[in-house]
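# Results of the structural survey
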Amino acid sequence: MTNHWSDIKNADLVLIMGGNAAEAHPCGFKWVTEAKAHNKARLIVVDPRFNRSASVADLYAPIRTGTDIAFLGGLINYLIANDKIQHEYVRNYTDVSFVVKEGFGFEDGLFNGYDAAKRSYPDKSAWGYEIGADGYAVVDPTLSHPRCVFNLLKKHYSRYTPELVSSICGTPQETMLKVWDAIAETAQPGKAMTIMYALGWTQHTVGSQMIRTGAMVQLLLGNIGMPGGGMNALRGHSNIQGLTDLGLLSNLLPGYLTLPGDAEQDYSAYIGKRTSLPLRPGQLSYWQHYEKFHVSLMKAWFGKAATAENNWAYDWLPKLDVPGYDVLKVFDMMFQGQVNGYFCQGFNPIAAFPNKAKVGAALARLKYLVIMDPLATDTSEFWRNAGEFNDVDTAAIQTTVFRLPTTCFAEEDGSLVNSGRWLQWHWKAAEPPGEARTDIAIMAGLFQRLRALYQKEGGAFAAPILNLDWPYLRPDEPGPDELAREFSGKALADVSDPASGAVLAKAGEQLAGFAQLRADGSTASGCWIFSGAWTQAGNQMARRDNADPYGMGQTLGWAWAWPANRRILYNRASADPSGQPWDPVKKRLVWWNGKSWGGTDVPDFKADSPPEAGMNPFIMNPEGVARLFAVGMMAEGPFPEHYEPFETPIGRNPLHGNAQAISNPAARVFKNDLEVFGQAEEFPYAATTYRLTEHFHYWTKHCRLAAITQPEQFVEIGEALAMDLGIKAGDRVKVSSNRGYIKAVAVVTKRLRPLTVDGKTVHHVGIPIHWGFTGVAKNGFITNTLTPFVGDGNTQTPEFKSFLVNVEKV
Amino acid sequence: MATQDIIARSATTTPMPQVRQPGEVAKLIDTSKCIGCKACQVACSEWNELRDEVGSNAGTYDNPNDLSAESWTLMRFAEYENPDSGNLEWLIRKDGCMHCAEPGCLAACPSPGAIVKYANGIVDFNQDKCIGCGYCITGCPFDIPRISQKDKKAYKCTLCSDRVAVGLEPACVKTCPTGAIVFGSKEDMQVHAAERIVDLKERGFANAGLYDPDGVGGTHVMYVLHHADQPSLYAGLPDAPAISPLVSLWKGVAKPLALLAMGATVLAGFFHYVRVGPNRVDEEEDPGEPTVHTVDPSVHVVDPNKQP
Amino acid sequence: MDMNRRQFFKVCGVGLGASSMAALGMAPPPAYAETIRHFKLASTRETRNTCPYCSVGCGLIMYSQGDGGKNVAQEIIHIEGDADHPVNRGTLCPKGAGLLDFVHSPNRLKYPEVREAGSGEWKRIGWDEALDSIAKLMKADRDANFVEKNAAGQTVNRWLSTGFLAASASSNESGYLTHKVVRSLGMLAFDNQARV
């Protein structure tokens, strides 16, 4: 979230699209209720299903799954055509005036530089700004240059007419225009719309671009950085924000630092490439401090063994030969027998990943599988024959499976990061059952054993194992407090203010924040964005002062938010160029008081830079402004374009005739998966999967109270389709895709209505996840038996939200 | 219980204490804020240490399928196509005891003290005294109490009398994520409801209103409805609830008649006991009838050992 | 009045049998207070925590039986929302409200176990045996498949034949240590639950 949960109360309009906050985040959704009650806010829900969020919405618009870019692209066209943009914001805080390089182009569904054989855009060199003789990007404040971002944007979306969008999305035009009109009202300075989205946007082959389109709308309306505004990703798990912040992904290091690729053999070139210098005069471009963050990380990991001489142990980091080894890639490798060992720490991939048959077959080719979990997961028993639910030949599966019991939240101390980026500390209340241990103790136990084996026997490249810094008082179980102090960071030598020479932190002291990090090895911090979570004053994450002196809901004394305890990112943009809030009464966040920036939030800005200095609010970007044009950052192009789901019910892309551009031309797809895509002739219904409010993922099927409230697997079918198929509520139905089938109870509902798309009738089938072959709820089929193994072009997130099925009465 | 004196007690003629005057409490359920998440259901069962059976899906979101002795509250879902606006509405109502000011269950209950009403408005069942006759069900215009198959006693929402007694709100109120369930003095809840109704009218629900039905003397669980003119849209919420005619008859006609016959009956019973010992009176109804009235009340009541 | 004959007799008959004693003043002495259940949290121990499910990060109070004394095995008997928490203000969703059944799920794992190749059952083992066996398997695989240089002779130092899926609800401290260990081994097939 750019903003945070309680801040939603400041919204004038709430758009829930690509998510179902009432269903999946009920306690956060309360702040929508508060915005409605105390701010007269309206709630709009756009979703294929009339869902729980829609049940309390002021306006609901149905949409065909997977077509959100068309809907939002049409909205961009509408905002520009009707002059409903926040002009002062857009002109000053976005890249509309930046001139794009000659050579950038878009034709028949593809941007320039496409390589069909590679299914990607290997040459993105034209996707950038024209750079002038002064080394800065060229801008045209008059917006008259034909290649300035504004004109390119206008041209790109001029194709998204209401008629065409309605035909793609199936949203009745009248409803769609009502939604667009309500959204357009927030272009007024001081009015804010928040967008709340979740995996309903992420889990498409164009998921990242859907989210980008939402962000572009928010920029045009001047809603980013505003209280009650922002782009709010509602994360699905309690600490997936934190684990992502800590870089637990194939290609990342903590704090969104990135691992080198094979070609990056030279340390200074690696740093240089990531040290972005300002693209416009007077801009902060905060990533120019990259090396300080990187060196501090390597000091936290390798201690004294990381030195200037060995480039801070640069060669001890693995290098990537591909963009990343995400789960789809790794399971494809596993399926092909290239992986021997696998660990699942609190993760249930056989239920959570697409195409269960492929995932199960892949696991069966492992030599060893290690499960660390508080619960008996389906994955831990993937080898067990559970009849129709998991019909495997146990004896033929040669994988050795270890199952290690772990503590749950109630039995350990530590911190979690919520969607609003708050790091909140929690405390242990009881001992775990039996012999269960913490994940920390298990990782430490494994590492201590491995290190001992390498010390004794030697082995492949032992240096990083032997030199990993392990200063913990109990080597077999480091304390959560020790680890938190380590990622927050400390001074290894006295750290001084370069300007005044004053000592900011003495050797051995905790650092106050990332501004004190140094690139000379005098500081250690395991995750720079978490720096300041545990200072010399103690554990900031455990703070419990919920005072809200301005009534803006920012509660700066509660827990600690990254970065630097800021609650709303880009909050400088909540003030106009002169430094005063766009709405000085109801939307006060930060402002210039004549000497410095301050207010109800920690400024996301250089605190002493006066408005007249011209520094812009988006300080992480070298431009200083937000990007409507994504330059080379996105796999499919700088402007989002609507592409059909890989399994499309209409079989064509109404925007262009190019067969290469029906679905995302740069999406991740493996050959063996291309072969199991279904066609609309055989699988005519658009299916989408989702969570229910009564259950959490695949955990609560182990909890009696949750099982009582939603005991048995079901699918949702609209009344019209049910009538066509002779299905009544409560009947058992078989839902099949080209990858397998499930059987479940039919819930027949008015809430799913047929949509008219491209002249055809499209029916949706709604398929909740949550069931499996272990648990106290009634056993069921794993829903991901049905879903396709294809990923977004940027994040490789599987397309769980749009695929094709057939439905029959059993 | 010092703060919640009993002001009515089933099948009891002894005058009730009248001196203390605690304020009345109420729970307000705003159907226009309710997302049907069932947090109230779970919090209720968790607090009250109830674990109903894991049932099955009958083709709806209503799970469990009905109230039971181990599910004291339940979300009921109704899909309504509003003919005026053309909009689909998903009307979701938390069902459970309404804590009526004139509780039909209490009026109908034949067992002394098995149902009590406190001055703060809570109507509570005392299972120690419950004889399982099921009259409370007959008496209830909202079809709330249920007889347990485990112990043949009647159960329903207590409005968390144990929490309210120590100054807390009921468990369902505390947990409600959207604030659709709120709790306070009955007066405050009426004021809050009035504000909500203004907001709903402004959002196009011209018939929004408060459900606090007179037929039962008002309730200590009230609803804000978008369509207060049609309560039955909400999964059959009674449009005009009143105490069952069976109970009225018992109090109006049958009871005087019964009292006339009573002396002889009791004497007969007493002499029967003296001469023969305790006896069970046969069911006067065909036991094949599907009914909750399965336990013979006389077994429990006619216990000479307890007589003074 | 809408009542048929059968119902009429039912009311009179059963009503007569049931309450005639009471009507004649033979009721047991009233015991007004006994109907209210004792408040079960009066002396429980309170511990603050955060809900482990979605990312709203609701504050919890866990109530456990016992006062933390030496002779007490603290047992969590109730969990409810933390009213001081600025986001949830005491509320919990159905999953959070039922957390007690996660903590005490019959499917909580209690002991390390192994399922041998081809076997149809779990075998309980000790922690040392489990961790020793896993460490040996890891080392054998790493030593056999570690790539120090790629085909072009570039230093790459990676291990691709074992992968690690990190959790979604483990603490930052667990996650940080997991990352530190996993990267020191040179692993790249490393991911978390951000996408699913």
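Predicted, not measured: the structure shown is a model, and the values here were computed from it.

## A closer look at the overall build of chain C
Per the secondary structure count, chain C includes five helices and nine strands. When the helices and strands of chain C are read in sequence order from the N terminus, they spell out α-β-β-β-α-α-β-β-α-β-β-β-α-β. For chain C, buried positions account for 55% of its 196 residues. The long-range share in chain C, meaning contacts at least 24 apart out of those at least 6 apart in sequence, stands at 34%.

## What about the interface of chain A and chain B?
Counting residues at the interface gives 35 residues for chain A, matched by 32 residues for chain B. Those elements that provide at least two residues to the side of chain A that touches chain B are helix H2 (26-39), helix H20 (704-709) and strand S28 (740-749) of chain A. Ranked by residue count, the leading element in the side of chain A that touches chain B is H2(A), at six residues. Split into classes, the residues belonging to the side of chain A that touches chain B amount to 19 nonpolar, seven polar and nine charged.

## Observations concerning the UniProt feature "binding site: [4Fe-4S] cluster 4" (unreviewed entry) in chain B
All names here are of chain B. When the UniProt feature table is mapped onto this chain, "binding site: [4Fe-4S] cluster 4" (unreviewed entry) is found at Cys109, Cys130, Cys133 and Cys136. Spatially, the listed residues are clustered: although they cover 28 residues, their C-alpha atoms lie within 10.1 Å of one another. Ignoring any residue separated from it by four or fewer positions in sequence, one finds Cys109 in contact with Ser10, Ala11, Ala114, Ile115, Tyr135 and Cys136. Looking at the secondary structure, you find Cys133 in the loop between strand S6 (123-125) and helix H3 (135-139).

## Section: the sheet that holds S28(A)
Residue and element names in this part refer to chain A. Strand order in the closed barrel made by the six strands is S25-S31-S26-S28-S27-S33, with mixed pairing throughout. The mean angle between the axes of side-by-side strands here comes to 45°, regardless of whether they run parallel or antiparallel. In this sheet, strand S33 (residues 803-809) lies alongside strand S25 (residues 685-690) in antiparallel orientation, the contact comprising three bridges. Following the sheet pairing, Ala686 is matched in S33 by Leu804.

## Considerations on the domain arrangement of chain C
Looking at the assigned domains, one finds that chain C contains domain 1 (45-103), domain 2 (110-144) and domain 3 (146-196). Relative placement of domain 1 of chain C and domain 3 of chain C: their C-alpha centres are 33 Å apart.

Conventions we followed
- Numbering of residues starts from 1 in every chain and runs along the sequence as written.
- Here every chain gets a letter starting at A, and every ligand a number starting at 1, in the order they are written.
- In keeping with the model being predicted, local features are shown solely for residues with a pLDDT of at least 70 and side-chain atom pairs are shown and tallied solely at 80 or more, while totals for entire chains, interfaces and linings include all residues.
- In this text, helices come from DSSP runs of H or I with a minimum length of four residues, and strands from runs of E with a minimum of two, each type numbered from the N-terminal end.
- To sort residues by exposure, count the other C-beta atoms lying within 10 Å of each residue's C-beta; 20 or more gives buried, 12 or fewer gives exposed, and values between give partly exposed, all with C-beta atoms placed from the backbone.
- Any pair of residues counts as being in contact when their C-beta atoms, constructed from backbone geometry, are within 7 Å of one another.
- Here the term charged refers only to Asp, Glu, Lys and Arg, the term nonpolar to Ala, Val, Leu, Ile, Met, Phe, Trp, Tyr, Cys and Pro, and the term polar to all other amino acids, Gly among them.
- UniProt positions are given in the numbering used here, feature names are shortened, and annotations may be inferred rather than shown by experiment.
- Here a strand pair is declared whenever DSSP counts at least two bridges between the two strands.
- For every element, the axis is a line fit to its C-alpha atoms; helices are fit only across the contacting stretch, and the angle between N-to-C directions ranges from 0 to 180 degrees.
- By convention here, the domain bounds are inherited from an automatic or database domain assignment.

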